[in-house]
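# Topology and contacts: notes
As a plain string of letters, each chain reads:
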Amino acid sequence: MIIEGNIVDVINKRIYSGYITVNNGVISEIVEEENSVSQYIIPGFVDAHVHVESSMLIPSEFARLAVCHGTVATISDPHEIGNVLGVEGVKFMIENGKKTPFKFHFGAPSCVPATVFETAGANITVDDVKELLTMDDIHYLTEMMNFPGVLFDDPEVMAKIQASKDVGKPIDGHAPGLRGEDAKKYIDAGITTDHECFTKEEALDKLKYGMKIQIREGSAAKNFDSLIDLLDEYPDSIMFCSDDKHPNDLAAQHVNVLAKRAIAHGSDVMNVLRACSYNIVKHYSMNVGMLQLGDPADFCIVDDLINFKCQATYIDGQLVAENGQTKIASVEETPINNFNCSPVAISQIEVEANFTTVKVIEVEDGQLITTKGSADLTPVEGKLVSDASQDVLKVVVVNRYFDAPPAVAFIRNFGLKQGALASCVAHDSHNIIAVGVSDVDIVKAINLVIESKGGVSLANGSEQKILPL
């Protein structure tokens, strides 16, 4: 196979006209010569940090969508399924991912359960982490969310970090807001990346201690605008990632849109493309080609270096997407699950009006960090209920793993005017979370998820809908 165009060499930082020859999935020849073909051949995009589970798809289906946007590989953290199913869930992801040509690079979850404040479905121990890290299919230790454990030298946390050091695999970080000497100690422990920075000042603090920053722009958390200026200042230490990519967003775009936005921002094109390919491949020692002689033929063809509209995507020389259409076939898979709770009743989520001033969780669109507020609620028949006029709604968490009393609180800035929403796609433990304007609708939405043993639902009076998962 011979492909002509403008070849983008991100390693040597040059663009030249020529053609590449592919034999048996490997680039066997690169020839520089003038031609009239206007298209650009660039390294395939790589997502530096993503939870495939957030797409609500199994890996093989995630791959079918991602390749349409020029993505050839991911650094995938199976933290979410790990919290539900433990090591069995991690191995399920690996085995399903192998059924496609896409290059998934899974890690060993470092923090399962993620917190002692909620019940998860599994516990991944130090021994489990050691077992996973010995596998060729496990490429790194995933985000060390327990940064207090690092700062206070928690024995279990430090043992997991040491296990990754022992086998020479990188360690990902997760330390929102960590600054100064605390950031230095966290990084000195051997943690190499962070995708949680939400200000440039925080990122600069971590960069100066040698950490690499993953600029995140996903479906929930959006930090691109705050951090993109760092790219041209620290081009070798920046990577692009999505973290969480919901299926409707993944169907529309992936890492390619971050490249487009970075170019529109005025970033250097080579720095942009290295942040979504070379920097990631090098850091994680990925088996992903960079358009060099002898490399795996992993690349995509785009119209230009402005919009990055993908004409075709190749992985190991195989055409996996063309003109926005996937060439990867769906895989029949037997799902696994861990869901065992009974329907809830309205009486279980009622709040007695023994007081009228309540604490409120305050959320901000596009951010994961919440703040604490308060609100004065007017009792209704002796109960405290949602007050849409103040945008203060009831939020409920129901344990999916066994019957337990629901947790009930109030939340502001959600914006819902009527009805209720419920989902068991709920980081990190993936219990059922519901938010609603009325107790009746909240319970209906929760029970729809329970009846399906997983899903996303809505209830609004007589209207009820469920997307089973």
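Preceding this paragraph is the structure being described.
Please read all numbers here as calculations on a predicted model, not as lab measurements.

What follows covers the sheet that holds strand β21 (residues 392-398). Strand order across the open sheet formed by eight strands is β19-β18-β22-β21-β24-β23-β25-β26, with mixed pairing between neighbours. With one partner strand each, in any of the chains shown, β19 (371-376) and β26 (463-468) form the two edges of the open sheet. Across the sheet, the mean angle separating the axes of adjacent strands is 25° when strand polarity is ignored. Where strand β23 (residues 420-423) lies against strand β25 (residues 455-460), four bridges are found, and the strand directions are antiparallel. Counterpart to A420 in the pairing with β25 is A459. Each of β21, β23, β24 (432-436), β25 and β26 touches helix α15 (residues 439-452); the most contacted strand, β25, lies at about 150° to it.

Within the largest apolar cluster, 96 residues are counted, with the highest numbers of intra-cluster contacts made by I42, F45, I161, Y186, F240 and M286. Excluding anything up to four places from it in sequence, F45 contacts H69, G70, T71, V72, A73, V255, N256, A259, L273, C276, C300 and F308.

This next bit is on helix α6 (residues 155-166). The end-to-end C-alpha distance of α6 is 16 Å, a good match for the 16 Å that 12 residues give at a rise of 1.5 Å each. Of all the residues in α6, the buried ones are V157, K160, I161, A163 and S164. The buried side chains of α6 occupy one side of the element, clustering within an arc of 155° when seen end-on. Exposed and oriented more than 90 degrees from the buried face of α6 are P155 and D166. If you follow the buried residues of α6, they end up packed against α4 (126-133), β8 (138-144), α5 (147-151) and β9 (171-173). The N-capping residue of α6, defined by a side-chain oxygen 3.0 Å from the backbone nitrogen of E156, is D154. Count one or two residues on from α6 and you reach G168, which has phi positive near 70°.

Pairing between the strands of a sheet comes from backbone hydrogen bonds, and it takes one of two forms, parallel or antiparallel. A sheet is described by the order of its strands in space; here eight strands give the open sequence β3-β2-β1-β4-β13-β14-β15-β16, paired in mixed fashion. A strand with exactly one partner marks an edge of an open sheet, and here the two such strands are β3 (26-32) and β16 (325-326). Alignment of strand β14 (residues 310-315) against strand β15 (residues 318-322), held across four bridges, turns out to be antiparallel. If you follow T313 over to β15, its bridge partner there is A321.

This brings us to the environment of V358. Along the polypeptide, V358 turns up in strand β18 (residues 357-362). Note on V358: relative accessible area 5%, which makes it buried. Separated by 169 residues in sequence, V358 and A189 have C-alpha atoms that sit 41 Å apart. Those residues in contact with V358, other than ones at most four positions away along the chain, are G373, S374, A375, L377, L384 and F410.

Here the focus is the state of the cysteines. If you walk through the whole model with that rule in mind, you get zero disulfides. No disulfide involves C68; its nearest neighbouring cysteine sulfur is the one of C310, lying 8.0 Å away. Unpaired in this structure, C310 has its nearest cysteine sulfur neighbour in C300, at a distance of 4.8 Å. On the accessibility criterion, C310 (10% relative accessible area) is buried.

Our next topic: the pattern of salt bridges. Evaluated as defined, the whole model comprises 26 salt bridges. The partner of E156 in a salt bridge is K160, with the nearest N and O atoms 3.6 Å apart. Here the residue E156 and the residue K160 both occupy positions in helix α6, the gap between them amounting to four residues, near one helical turn. Given the relative accessible area of 4%, K160 is considered buried. With a closest N to O distance of 3.0 Å, D225 and R261 form a salt bridge. Of this pair, D225 sits in helix α9 (residues 224-227) while R261 is found in helix α12 (residues 255-265), placing the two residues 36 residues apart along the sequence. In this structure D225 comes out as exposed when scored by relative accessible area, which is 61%. When its relative accessible area of 27% is taken as the criterion, R261 is described as partly exposed. Linked through salt bridges whose partners overlap, the residues forming this network are E95, K98 and D137.

Procedures and definitions
- Residues numbered from 1 in each chain as written.
- Predicted model: local features only at pLDDT ≥ 70, side-chain atom pairs only at ≥ 80, totals over all residues.
- Heavy atoms only, no water.
- Pairing = 2+ DSSP bridges.
- Helix = DSSP H or I, 4+ residues; strand = E, 2+ residues; numbered from the N terminus.
- Axes fitted to C-alpha atoms, helices over the stretch in contact; angles between N-to-C directions.
- Contact = heavy atoms within 4.5 Å.
- Core = buried A, V, L, I, M, F, W, Y, C linked by side-chain atoms within 4.5 Å.
- Buried < 20%, exposed > 50% of the residue type's maximum accessible area, 1.4 Å probe, protein only.
- Expected span 1.5 Å × (residues − 1).
- Arc of directions from axis to C-beta.
- Polar contact = N/O pair within 3.5 Å; in protein donor to acceptor, adjacent residues only side chain to side chain.
- Disulfide = S-S within 2.5 Å.
- Salt bridge = Lys/Arg side-chain N within 4 Å of Asp/Glu carboxyl O.

These figures come from the coordinates and say nothing about function on their own.
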